[in-house]
Amino acid sequence: MTGRRGATNQRNHDASGKAFNPRLIFSQIVAMQCFHYVVLGFLVQVNYVFFGTSITLDRLFTDKYVRIWTAAGWADTTAIIIASLVGSFLLAVIVEKSKKCLDFSVTLFMIHFILCTLYKGVPATWDWYIVHILGTIIMILVGEYLCSRRELDDIPLLQI
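Residues numbered from 1 in each chain as written. Predicted model: local features only at pLDDT ≥ 70, side-chain atom pairs only at ≥ 80, totals over all residues. Heavy atoms only, no water.

Enquirer: How do you make sense of empty space enclosed by the protein when you look at a structure like this?
Expert: In this approach the atoms are scanned with a rolling probe the size of a water molecule, which exposes any empty space left behind. For the structure on display, the rule yields one cavity of 30 Å³ or more. When its volume is computed, the largest cavity comes out at roughly 30 Å³. Forming the walls of the largest cavity are Leu 40, Arg 59, Leu 60, Thr 62, Val 66, Ile 80, His 112, Trp 128 and His 132. Looking at the lining of the largest cavity, the elements that each hand over two or more residues are helix H3 (58-61) and helix H6 (126-152). (1 Å grid on protein atoms, 1.4 Å probe; cavity = no way out; pocket = protein on both sides within 12 Å on 5 of 7 lines; lining within 4 Å. Points joined across faces, edges and corners; volume = space filled by probe spheres on them. Helix = DSSP H or I, 4+ residues; strand = E, 2+ residues; numbered from the N terminus.)

Enquirer: What exactly am I supposed to notice about the packing of aromatic side chains here?
Expert: The geometry of an aromatic ring pair comes down to the distance between the two centres and the angle between the two planes. Scanning all chains against the criterion turns up five aromatic pairs. Centroid distance Phe 61 to Tyr 119: 5.6 Å. Interplanar angle 45°. Geometry classified as tilted. You can see Phe 61 sitting in helix H3 and its partner Tyr 119 sitting in helix H5 (residues 101-120), a full 58 residues away along the chain. For Phe 61, a relative accessible area of 14% gives the class buried. Taking the relative accessible area as the measure of exposure, Tyr 119 reaches 34% and is therefore partly exposed. Ring geometry for Phe 113 against Tyr 129: centres 6.4 Å apart, planes inclined by 50°, an arrangement best described as tilted. (Phe/Tyr/Trp six-rings, centres within 6.5 Å; stacked < 30°, edge-to-face > 60°. Buried < 20%, exposed > 50% of the residue type's maximum accessible area, 1.4 Å probe, protein only.)

Enquirer: Explanation requested: the layout of surface pockets in the structure shown.
Expert: One number sums up the size of the second largest pocket: a volume of about 160 Å³. Forming the walls of the second largest pocket are Val 106, Phe 109, Met 110, His 112, Phe 113, Trp 128, Tyr 129, His 132, Ile 133 and Thr 136. Those elements that provide at least two residues to the lining of the second largest pocket are H5 and H6. Partitioned by chemical class, the residues of the lining of the second largest pocket number seven nonpolar, three polar and no charged. (Nonpolar A, V, L, I, M, F, W, Y, C, P; charged D, E, K, R; others polar.)

Here it is as structure tokens:
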């Protein structure tokens, strides 16, 4: 009887020996997704102020405005790249583990792809895919670097 209970406890732990917590993972994914759209929405507002671009959900969820080869498209392209860079800092704060950065970054952009598809259909331009894959790579690499730096920080000791 105790052997079965011990086997159940082993299955609920990840490779590092910590307990598997699906609620924590789900809440981290939701937090990352929400912060991503808050940052992206803020950058769309900044583009409106500086470049006079329109403020619409199409800028977040369609491929209509993401153009690499036009000057007008660079405002939205830059917003996506900056949002990915900010997302890497959020990974360090929310996720805190460098080995989870790949999973969370890809999950964020897959959910974004699904939401874009539900909003206006599958994105049809190569520009959209290039920019979002580049953003994902930036988020993964910078996020892993920041998380690993945070993991290597000294643990503060109490001064008695």
